[in-house]
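# Understanding the architecture of this molecule
As a plain string of letters, each chain reads:
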Amino acid sequence: APRNQTYLLHLAEIYMAAKKWDQASMLLDKLKDDDDVTVAKAAAEDLHNLPYLKKYGILPQDAAEAEQHAVYSHDNYDDDTPDEPAAPVKPKLDTRPIKYVKGTLLSVDCSKSPEAILKVLTAGKKMEFHVADFQAMVIIGAGQASCGWSDVRIAVNYKSAGSAPADVVSLEIQH
């Protein structure tokens, strides 16, 4: 529905998530002057947040940002009834600090696909790392992930998870 302004707003947000800043900016710029007040307000807010997202990779943490975009439910779609907004959904930001370690990748356990557990030897101790989607993980130095990797020198950016395996942010294969 390319003429639906809400669709265009969601498309702009998809562009923002894909880091296609120019396309997102052009769409949001058009939508901020839209007749639909909700769409115009959301587009203006997204346009305001775009430089922060572009520079820091996260949205700004303003206390004034209490109102979020409405999520529309299409479970009981009826042509005669207009869409009603559901309760606003506020995304939970992961504020854990990112840590870094170098080591040797001993094995990759892909038995719970798409998840994976990486076993790494670093400074004489073994560490385990969790990857939510192994094939979609950010990898530097290799074309794609392989469950067959073993005895490979790596560097890992991760977020600790207490006693559970740490969550991988990115992985670098060192040749």
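Whatever comes next refers back to the structure up there.
Below, the structure is looked at part by part. (Residues numbered from 1 in each chain as written. Predicted model: local features only at pLDDT ≥ 70, side-chain atom pairs only at ≥ 80, totals over all residues. Heavy atoms only, no water.)

## Side note on the overall build of the protein chain
- If you tally the helices and strands in the protein chain, you get 3 helices and 6 strands.
- Going residue by residue from the N terminus, the α and β elements of the protein chain occur as α-α-α-β-β-β-β-β-β.
- When burial is assessed residue by residue, the protein chain has 28% of its 175 residues classed as buried.
- Partitioning the intrachain contacts of the protein chain with sequence separation of at least 6 by distance along the chain shows that 42% fall at a separation of at least 24.
- As displayed, the protein chain offers around 11900 Å² of accessible surface, 53% of which is attributable to carbon and sulfur atoms. (Helix = DSSP H or I, 4+ residues; strand = E, 2+ residues; numbered from the N terminus. Buried < 20%, exposed > 50% of the residue type's maximum accessible area, 1.4 Å probe, protein only. Contact = heavy atoms within 4.5 Å. Areas by Shrake-Rupley, 256 points an atom, 1.4 Å probe, with all protein chains shown as cover.)

## Observations regarding the nonpolar core
- Counting residues in hydrophobic clusters, the biggest one holds 22 residues, and the most contacted among them are L118, F129, F134 and W149.
- Elements represented by at least two residues in this core include exactly β1 (99–109), β2 (116–122), β3 (125–131), β5 (152–161) and β6 (164–173).
- Beyond its immediate sequence surroundings of up to four residues, F134 is in contact with V108, C110, P114, A116, L118, A145, S146, C147 and W149.
- If you look at the next biggest cluster of nonpolar residues, it comprises 15 residues, including L9, A24, L27 and L50. (Core = buried A, V, L, I, M, F, W, Y, C linked by side-chain atoms within 4.5 Å.)

## Here we look at the packing of aromatic side chains
- This structure, assessed with the given rule, holds 2 aromatic pairs.
- Consider the rings of F129 and Y158, whose centres lie 5.1 Å apart with planes at 70°: the pair is edge-to-face. Of this pair, F129 sits in strand β3 while Y158 sits in strand β5, placing them 29 residues apart in sequence. (Phe/Tyr/Trp six-rings, centres within 6.5 Å; stacked < 30°, edge-to-face > 60°.)

Any functional reading would require information beyond the geometric quantities listed.
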